[in-house]
Amino acid sequence: MEAGGEEFAIGVVISAKTTLGEEFEGQIVAFDRPSKLLVIHEGVGRAERGERRNVRVLKANYIREFSVVSKGDDPLDPAGCMLDLDAIYAREEAALRQAEIDAERIGVGVTPEAQSIFDALSKTLPVQWDKTDIVVMKEVRVRSPYMPENVSGGTAAANERVKKVIDFERKRLHARVPGLS
């Protein structure tokens, strides 16, 4: 199908059938001629009732047939947009906090093997980086080269647990990558 003319004008409500046999109705929010991408809001009228609407992005050539149902209001008019800005800001803040937590779990200036040992320890124990040292349960310290004999501090039981995890992880790494020292 050739995507041209006013049929794909912003705000037009269309009823369409795709090449895969799906049928839907929605309002065109955007149409990019070079890539022939359509952005369509499905469920026109749901937003006024407080219901969620689907957004469909598809190539215009995947539409087998369509008909213009009506000419709607401008879907991008800020006065008509129903966005919960508080919810958006809360999601942004949560994503930033999670990104900071994830960044703290990545060792700077450490080998991939050290990162693997850190990741293995973090599955069952609270760990954090202190420069290139791994600190487990805020008391046990593992120094480079991250061997069981490089474990210090904490109780004897905590030391033994950390040594077991390191030993197991090193064996697992050696099995995956032969010749790793």
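Residues numbered from 1 in each chain as written. Predicted model: local features only at pLDDT ≥ 70, side-chain atom pairs only at ≥ 80, totals over all residues. Heavy atoms only, no water.

- An unreviewed UniProt entry annotates the protein as AD domain-containing protein of Digitaria exilis.

## Regarding the pattern of salt bridges
Now for step 1: Within this structure, the stated rule accounts for ten salt bridges.
Now for step 2: Across the pair Arg-143 and Asp-133 runs a salt bridge, and its minimum N-O distance is 2.5 Å. Residue Arg-143 is found in the loop between strand 8 (140-142) and strand 9 (151-152), and its partner Asp-133 is found in strand 7 (residues 133-136); the two are separated by ten residues along the sequence.
Now for step 3: Where salt bridges share partners, they join Asp-130, Asp-133, Arg-141 and Arg-143 into one cluster. (Salt bridge = Lys/Arg side-chain N within 4 Å of Asp/Glu carboxyl O. Helix = DSSP H or I, 4+ residues; strand = E, 2+ residues; numbered from the N terminus.)

## What to know about the packing of aromatic side chains
Now for step 1: Summed over all chains, the structure comprises three aromatic pairs.
Now for step 2: Taking the centre distance of 5.1 Å and the plane angle of 25° together, the rings of Phe-8 and Phe-66 count as stacked. Placement of Phe-8 in the segment before strand 1 (12-18) and of Phe-66 in strand 5 (residues 63-71) is noted, with a sequence separation of 58 residues between them.
Now for step 3: For Phe-8, a relative accessible area of 3% gives the class buried. (Phe/Tyr/Trp six-rings, centres within 6.5 Å; stacked < 30°, edge-to-face > 60°. Buried < 20%, exposed > 50% of the residue type's maximum accessible area, 1.4 Å probe, protein only.)

## Points about the packing of helix 2 (residues 112-122) against helix 3 (residues 156-176)
In a pair of packed helices, the angle between the axes and the distance between the axes together describe the arrangement.
Now for step 1: Put simply, helix 2 and helix 3 touch, their axes get as near as 9 Å, and they point 130° apart. Looking at the two axes, helix 2 sits oblique to helix 3. The hand of the helix 2/helix 3 crossing is right-handed. Two secondary-structure elements touch here, helix 2 through Glu-113, Ser-116, Ile-117, Ala-120 and Leu-121 and helix 3 through Val-162, Val-165, Ile-166, Glu-169, Arg-170 and Leu-173.
Now for step 2: The residue makeup of the contact of helix 2 with helix 3, split by class, is seven nonpolar, one polar and three charged. (Axes fitted to C-alpha atoms, helices over the stretch in contact; angles between N-to-C directions. Parallel < 35°, antiparallel > 145°, perpendicular 65-115°, else oblique. Left-handed = near helix turned anticlockwise from the far one by under 90°. Contact = heavy atoms within 4.5 Å. Nonpolar A, V, L, I, M, F, W, Y, C, P; charged D, E, K, R; others polar.)

## Thoughts on the confidence of the model for the protein
Now for step 1: Overall, the prediction assigns the protein a mean pLDDT of 86, with 86% of residues at 70 or greater.
Now for step 2: Note that residues 1-6 has pLDDT below 50 and, in this model, 15 contacts with residues that lie over four places away or in other chains. (pLDDT = per-residue confidence, 0-100.)

## Some details on the sheet that holds strand 8
Across a sheet, strands are paired by hydrogen bonds formed along the backbone, either parallel or antiparallel in direction.
Now for step 1: The four strands lie next to each other as 6-7-8-9, forming an open sheet whose pairing is antiparallel. Strand pairing shows two members of the sheet lacking a second neighbour, strand 6 (127-130) and strand 9, which therefore form its edges.
Now for step 2: In this structure, strand 6 lies alongside strand 7, joined through four bridges in antiparallel fashion. Considered in strand 7, the bridge of Gln-128 is made with Val-135. (Pairing = 2+ DSSP bridges.)

## Concerning the sheet that holds strand 3 (residues 37-42)
Now for step 1: Taking strand neighbours across the sheet as the criterion, the five strands line up as 4-3-2-1-5 in an open arrangement whose pairing is antiparallel. Looking along the sheet, the strands with just one partner apiece sit at the ends: strand 4 (55-59) and strand 5. Here the strands of the sheet are splayed against their neighbours by 40° on average, with no regard to which way each runs.
Now for step 2: Both strand 2 (residues 23-32) and strand 3 contribute to a ladder of six bridges, which runs antiparallel. By the bridge assignment for strand 3, Gly-26 is matched with Glu-42.

## Digging into the side chain of Asp-133
Now for step 1: The class of Asp-133 is buried, set by a relative accessible area of 12%.
Now for step 2: In terms of polar contacts, Asp-133 uses its side chain to reach the side chain of Arg-141, at 3.1 Å.
Now for step 3: Discounting residues that sit within four places of it in the chain, Asp-133 has contacts with Gln-128, Arg-141, Val-142, Arg-143 and Ser-144. (Polar contact = N/O pair within 3.5 Å; in protein donor to acceptor, adjacent residues only side chain to side chain.)

## Some remarks on unusual backbone geometry
Now for step 1: Cis geometry is adopted by the peptide bond preceding Pro-145, which originates at Ser-144 and carries an omega value of 15°.
Now for step 2: On the secondary structure map, Pro-145 appears in the loop between strand 8 and strand 9.
Now for step 3: Within the chain, Met-137 stands out as a residue other than glycine whose phi angle is a positive 55°.
Now for step 4: Examined against the element boundaries, Met-137 turns out to sit in the loop between strand 7 and strand 8.
Now for step 5: Owing to a relative accessible area of 30%, Met-137 belongs among the partly exposed residues under this scheme.

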